[in-house]
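A structural walkthrough
If you want the building blocks of each chain, they are given just below.
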Amino acid sequence: MTDLGGFHDHVARVDLTDGSVDYEGIDQEDAEKYIGARGLGVKYVFDNGPDVDPMGPDNLLAFMNGPLTGTQTTMSGRIAVCTKSPLTGTVTDSHHGGWSGARLKWAGFDGLLFEGQAEDPVYAVVEDGEVELRDASHLWGSGVHDTRDELEAEVDGSYGKNLSMMAIGQGGENGVKYACIVNEDDRASGRGGTGAVMGSKNLKAVVVKSTTKMPKPADSETFKEGHKQAMEVIQESEVTAPNEGGLSLYGTNVLMNATEEMSGLPTRNGRYTSTQDEADADPDDPNIDSENVSGENVRENILVDEPTCHSCPVACKKEVEVDVEHKGEDMNVRMESYEYESAWALGPNSMNDDRDKIAVMIDQCNDYGIDTIDTGNMLAMAMEASEKGYIDEGIEWGDVDEMIDMVERIAHREGDLADVLAEGASGVADALDAHDCRLDVKGQTMAAYDPRCMKGMGIAYATSNRGACHLRAYTPAAEILGIPEKVDPVEWEGKAELSATFQDMHAISDSFDICKFNAFAEGIEEYVMQYNGMTGRDVGEEELMRAGERVWNLERYYNNLAGFDGADDSLPDRFVEGHEDAVPGQGGVEGSLVELDRMKDAYYEHRGWVDGVVTDEKLDELDIDVGPGTGVSAGDSPAPADD
């Protein structure tokens, strides 16, 4: 039991197999060591064991709040979903914003732990500290949007006032390996296949009904001081300043033009480093212009609203409305949000710059409940595989109408190619013998930052505990935006240490759980004050950073026990020096390739690991109690640890 402020000391453990619900408290020591949300969620998943089948009943699906979720803390509307990933086989945590995390806290919960597998589809209703399971057979086969409308009527709540819903669409029901859980219609726990795990459990949705019961700080003066300082730096930042900063004006898609200009935008499945580089390479080819899908273009032409998440002054969500014709059919779509990663994956990386039809595909992905990044990457992979003759009847570069149809087929696993693409990069590479077309790490595909241009992103992708991810260590903050200081993006030295620092910092914010965008303005000083003020603890900056490092190492150790080591800290061959398939960068980064081996050596030395494996010494140093003799010693051979 914990007496820390910011916690209700109340978690529901739901056995879907027999329909029982038990309630338990939060272990005080775990809450102090792992903070909350991501950290505590991963600890629950770790304790459940690494040998479970991700799609089997023994896998644990944890929805976890942090001590700052649902409070006055700026950007504190997030929630972590933690489980073993069916896409990668690693531990994964995936977060979404909006209001469901805050409302879960206001309904009296720190977390929901789902075990087992329901015989028939069910949904969970959370209200006033209790969880009830109800029949969802009539909802199975529905998209997220229709499910939301139906459940709003059934639960007798007012959506957007006292009601939130986290649901899966057809993608999760059909076991698409990168299916996601969608909240508020269009905000997704997108990465790692959390929606596929939810679907495997026959859990259609989690509906949260609550009144606004915001937790009070244990030390109100410290919290007030920290909150004031955080707001000041957010308002002063060129990135986050309300109604002025780049994120506030253009959303995440403010980065489209910036990465294009620095030759950091992977194009044509990562063959080129910008759309201009691709055009210069073959002027006779059909060319595209990334500016057509940029945040500036979106704001000027199709923006209709700017909704926000709980306690957020930035309002980075850009809601759009488009009218398009698709194969003779008129389509009207209104959706949020036109994100940078989504626009890139379904746009330039697939040789498509049709702004409005990209909006249609983002809306499809949200409704079907599939990750936009992996979906776009699968389409680009299929295009390259088609070009190389690995697929008899494939899909051509930039065929946007076929892309729209393929998104639907992937979600329903209709047709041989769509069924293969639903398996993710590893499955596609194996099925088509197209390993030279894959852009993934540990089975999860890369995001919209070319590692030939941003070397910090290269080591961050490679060492990410949940597969390729830009949000484990957002080094573009330093490499593009100069936050906390500007570094040379194409220089490899120092990037291992930079990445590790970002990894630990983001583990802290994910465990609070607050939006990573606060890190464009806030630092460890603001984190400490707000955390201490809310919980009543008295930790210093070093101790809080140590907690972030502890979370990171626990995740890595889980992966070690699941069979992962340094060999899995890789990048696609086309980006890495020394590989016969390497494609040097073009334009402003002409000739650049990633010095991966040198960065990995520096990274492991900094972390105190042996070839990607957490040592017994590191476990002891960080006070990670997982039982004796399960790691490796510093002088041991770098073999994966035994469970």
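One can find the structure itself at the top, above this paragraph.
Described below are features of the structure shown in this document. (Residues numbered from 1 in each chain as written. Predicted model: local features only at pLDDT ≥ 70, side-chain atom pairs only at ≥ 80, totals over all residues. Heavy atoms only, no water.)

1. Side note on the overall build of the protein chain
When its secondary structure is counted, the protein chain shows 24 helices and 17 strands. In summary, the protein chain has a C-alpha radius of gyration of 23 Å against a globular reference of 26 Å for 643 residues, a match within 12%. Considering only C-alpha atoms, the protein chain reaches an extent of 65 × 60 × 50 Å along its principal axes. For the protein chain, buried positions account for 66% of its 643 residues. Look at the contacts in the protein chain between residues 6 or more apart in sequence, and 69% of them connect residues 24 or more apart. Of the roughly 21400 Å² that the protein chain leaves accessible, carbon and sulfur atoms contribute 41%. (Helix = DSSP H or I, 4+ residues; strand = E, 2+ residues; numbered from the N terminus. Rg over C-alpha atoms; globule rule 2.2 N^0.38 Å. Buried < 20%, exposed > 50% of the residue type's maximum accessible area, 1.4 Å probe, protein only. Contact = heavy atoms within 4.5 Å. Areas by Shrake-Rupley, 256 points an atom, 1.4 Å probe, with all protein chains shown as cover.)

2. Some words on the state of the cysteines
Counted by the stated rule, this structure contains zero disulfides. Unpaired in terms of disulfides, Cys-82 finds its nearest cysteine sulfur in Cys-469, a separation of 13 Å. By relative accessible area, which is 0% here, Cys-82 ends up buried. (Disulfide = S-S within 2.5 Å.)

3. A few points about the pattern of salt bridges
Scanning the entire structure with this criterion turns up 48 salt bridges. The salt bridge involving Lys-357 is made with Asp-401; its shortest N-O contact spans 2.8 Å. Placement of the pair is Lys-357 in helix 13 (residues 355-368) and Asp-401 in helix 15 (residues 400-412), with a sequence separation of 44 residues. For Asp-401, a relative accessible area of 22% puts it in the partly exposed group. Within the structure, one salt-bridge network assembled from shared partners comprises Arg-38, Asp-93, Arg-472, Asp-510, Lys-516 and Glu-555. (Salt bridge = Lys/Arg side-chain N within 4 Å of Asp/Glu carboxyl O.)

4. Things to note about the packing of helix 7 (residues 220-236) against helix 21 (residues 524-535)
Relative to each other, helix 7 and helix 21 sit at 150°, their axes nearing to 7 Å. Where helix 7 crosses over helix 21, the two elements pack in a sense that is left-handed. Note on element contacts: helix 21 touches helix 7 through Glu-525, Glu-526, Met-529, Gln-530, Asn-532, Gly-533 and Met-534, opposite Thr-222, Phe-223, Glu-225, Gly-226, His-227, Gln-229, Ala-230 and Val-233. In terms of residue class, the contact of helix 7 with helix 21 is built from five nonpolar, seven polar and three charged. (Axes fitted to C-alpha atoms, helices over the stretch in contact; angles between N-to-C directions. Left-handed = near helix turned anticlockwise from the far one by under 90°. Nonpolar A, V, L, I, M, F, W, Y, C, P; charged D, E, K, R; others polar.)

5. Thoughts on the nonpolar core
With 138 residues, the main nonpolar core has Tyr-338, Ile-410, Tyr-449 and Tyr-461 as its most contacted residues. Tallying contributions element by element places helix 14 (residues 372-387) first for this core, with eight residues. Beyond its immediate sequence surroundings of up to four residues, Tyr-338 is in contact with Asn-253, Val-293, Val-298, Ile-302, Lys-318, Val-320, Ala-343, Arg-355, Ile-358, Ala-359 and Ile-362. Listed in part, the 25 residues of the second largest apolar core include Ile-79, Ala-107, Phe-114 and Met-198. (Core = buried A, V, L, I, M, F, W, Y, C linked by side-chain atoms within 4.5 Å.)

Geometric descriptors of this kind do not, in isolation, establish any biological role.
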